[in-house]
Amino acid sequence: GAGVSQSPSNKVTEKGKDVELRCDPISGHTALYWYRQRLGQGLEFLIYFQGNSAPDKSGLPSDRFSAERTGESVSTLTIQRTQQEDSAVYLCASSSDRNTEAFFGQGTRLTVV
Amino acid sequence: KNQVEQSPQSLIILEGKNCTLQCNYTVSPFSNLRWYKQDTGRGPVSLTIMTFSENTKSNGRYTATLDADTKQSSLHITASQLSDSASYICVVSNLNQGGKLIFGQGTELSVKP
């Protein structure tokens, strides 16, 4: 595709439910990042995939959060048993290598009620 | 610890004026430094990316500088426009961690008429 695509764009879920967020990176991009941005705050790193290397999961806030990526394509971020503090915009970015621009998707706005 | 600190946290200027945003980092070893612009409700968009050997890089009215010895960068905006109102984020890539991007908290710029 022409850019990084994320779906859904908006998600409202009840506390305790599981949600799955999807990111379609730019074709051929080996690096993929997930970030979280709470209202009025900066980007918070969650997880980083680079090619076939083991993902860097150091930013995942709890074991309720997990992410997968199939090869160099789609990634899904799963949040289990959602809590109200999980409400945020979840941004995905991809890049072709470490020295090139990272392109961001428009994000998924998650609201836990 | 790998960190990126930005100042000021927020800034208000009049249309047509210039401004300079600061970024200090402790990320090591350094791969590259990027400045992103994030409009409200949108994903960040890259303005510049600089490697170790580059001291300055321009993109229209945006000029970024990098001093790799002091680990400082600045983003200078010339002849500001209302559309420059956004969050400006400094991002440093860590060479050892596969190019993992480390984000600053951003400077919120507001350009007033």
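Draft legend 1. Highlighting the overall build of chain B. Along the backbone of chain B there are zero helices and 11 strands. Seen in sequence order, chain B has helices and strands lined up from the N terminus as β-β-β-β-β-β-β-β-β-β-β. Computed over its C-alpha atoms, the radius of gyration of chain B comes to 13 Å, within 12% of the 13 Å expected for a compact globule of 113 residues. Based on the C-alpha atoms only, the size of chain B along its principal axes is roughly 45 × 25 × 20 Å. Across the 113 residues of chain B, 48% fall into the buried class. Of all intrachain contacts in chain B linking residues separated by at least 6 positions in sequence, the fraction that spans at least 24 positions is 56%. Surface summary for chain B: the accessible area is close to 5300 Å², and the carbon and sulfur share equals 48%. Averaging the positions of the 10 positive and the 8 negative side-chain charges in chain B gives two centres separated by 5 Å.

Draft legend 2. Fine view of the packing of aromatic side chains. Per the stated rule, a full pass over the model turns up 10 aromatic pairs over all chains. Here the aromatic residues A:Tyr33, A:Tyr35, A:Phe45, A:Tyr48, A:Phe104, B:Tyr36 and B:Phe103 are joined through ring pairs into a cluster of three or more. Above the plane of the ring of B:Tyr62 lies B:Arg61, whose end atom (NZ or CZ) is 5.8 Å from the centre.

Draft legend 3. The environment of A:Glu20, seen in detail. Residue and element names in this part refer to chain A. On the secondary structure map, Glu20 appears in strand β3 (residues 19-24). Of the residues examined, Glu20 reaches a relative accessible area of 55% and is grouped as exposed. Spatially, the C-alpha atom of Glu20 lies 5.7 Å from that of Leu77, the residues being 57 residues apart in sequence. Those residues in contact with Glu20 that sit more than four places away from it in its chain are Pro8, Thr76, Leu77 and Thr78.

Draft legend 4. Spatial organisation of the side chain of B:Ser87. All names here are of chain B. As for its placement among the helices and strands, Ser87 is situated in strand β9 (residues 86-94). With relative accessibility at 10%, the residue Ser87 sits in the buried group. Residue contacts for Ser87: discarding those within four places in its chain leaves Tyr36, Lys37, Gln38, Gly106, Thr107 and Glu108.

Draft legend 5. Looking closely at the interface of chain A and chain B. Facing 19 residues of chain A, the contacting portion of chain B comprises 21 residues. Of the roughly 1700 Å² buried between chain A and chain B, counting both surfaces, carbon and sulfur atoms make up 47%. Here chain A is connected to chain B by zero salt bridges. On inspection of chain A and its partner chain B, the count reaches five residue pairs in polar contact (both at pLDDT 80 or more). Mapped onto the side of chain A that touches chain B, the elements with two or more residues apiece are β4 (31-37) and β5 (43-50) of chain A. Top contributing element to the side of chain A that touches chain B by residue count: β5(A), with four residues.

Draft legend 6. Layout of the sheet that holds strand β8 (residues 72-77) of chain B. Residues and elements named next belong to chain B. Taken in spatial order, the five strands make up an open sheet running β1-β3-β8-β7-β6, and their pairing is antiparallel. Strand pairing shows two members of the sheet lacking a second neighbour, β1 (4-7) and β6 (56-59), which therefore form its edges. Between one strand and the next, the sheet's axes are offset by a mean angle of 15 degrees, whatever the strand orientation. Summarising the sheet, β1 and strand β3 (residues 19-25) pair through four bridges and their orientation is antiparallel. Within the sheet, the bridge partner assigned to Ser7 lies in β3 and is Gln22.

Draft legend 7. Examining the state of the cysteines more closely. By the definition in use, this model includes two disulfides over all chains. Here A:Cys23 engages in a disulfide with A:Cys92; their sulfurs sit 1.9 Å apart. Taking the sign of the S-S torsion, about -65 degrees here, the bridge from A:Cys23 to A:Cys92 comes out left-handed. Placement of A:Cys23 in strand β3 and of A:Cys92 in strand β8 (residues 88-95) is noted, with a sequence separation of 69 residues between them. For A:Cys23, a relative accessible area of 0% puts it in the buried group. You can call A:Cys92 buried: its relative accessible area is 0%. Unpaired in terms of disulfides, B:Cys19 finds its nearest cysteine sulfur in B:Cys90, a separation of 15 Å.

The rules we used
Per chain, residue numbering runs from 1 following the sequence as it is written. Following the order in which they are written, the chains are lettered starting with A and the ligands numbered starting with 1. Local features in a predicted model are, by the rule used here, given only for residues with pLDDT of at least 70; side-chain atom pairs are given and counted only at 80 or more, and totals for whole chains, interfaces and linings are based on all residues. Here the side-chain values reflect all heavy atoms present in the structure, with hydrogen atoms and water set aside. Helical segments are the DSSP runs of H or I of at least four residues, strand segments are the runs of E of at least two, and each set is numbered from the N terminus. The size measure is the radius of gyration over C-alpha atoms, and the globule rule it meets is 2.2 Å times the number of residues to the 0.38 power. Burial here depends on accessible area, computed with a 1.4 Å probe over protein chains only, as a share of the maximum for the residue type. Under 20% is buried, over 50% is exposed, and the range in between is partly exposed. By definition in these notes, contact holds between two residues if any of their heavy atoms fall within 4.5 Å. Shrake-Rupley sampling with a 1.4 Å probe provides the accessible areas, and residues are treated as covered by the protein chains on show and by no other component. By the counting rule applied here, Lys and Arg register as positive and Asp and Glu as negative, while His and the ends of each chain are not counted. Charged groups are reduced to one reference atom each: NZ for lysine, CZ for arginine, CG for aspartic acid, CD for glutamic acid. Aromatic pairing here means that ring centres of Phe, Tyr or Trp (its six-membered ring) are within 6.5 Å. Orientation follows from the plane angle: under 30 degrees is stacked, over 60 is edge-to-face, and everything else is tilted. Sitting over a ring, as applied to charges here, requires NZ of Lys or CZ of Arg to be within 6 Å of the ring centre and within 35 degrees of the ring normal. By buried area we mean how much accessible surface two parts lose on assembly, using a 1.4 Å probe and totalling the loss over both. By definition, a salt bridge exists where a carboxyl oxygen of Asp or Glu is found within 4 Å of a side-chain nitrogen of Lys or Arg. For the purposes of these results, a polar contact is taken to be a pair of N or O atoms within 3.5 Å, where, inside protein, one atom must be able to donate a hydrogen and its partner to accept one; residues adjacent in sequence count only when each atom of the pair is a side-chain atom. DSSP calls a pair of strands paired once it identifies at least 2 bridges connecting them. Note on geometry: axes are C-alpha line fits, over the in-contact stretch for helices, and angles between N-to-C directions span 0 to 180 degrees. We call a pair of cysteine sulfur atoms a disulfide when they lie within 2.5 Å.

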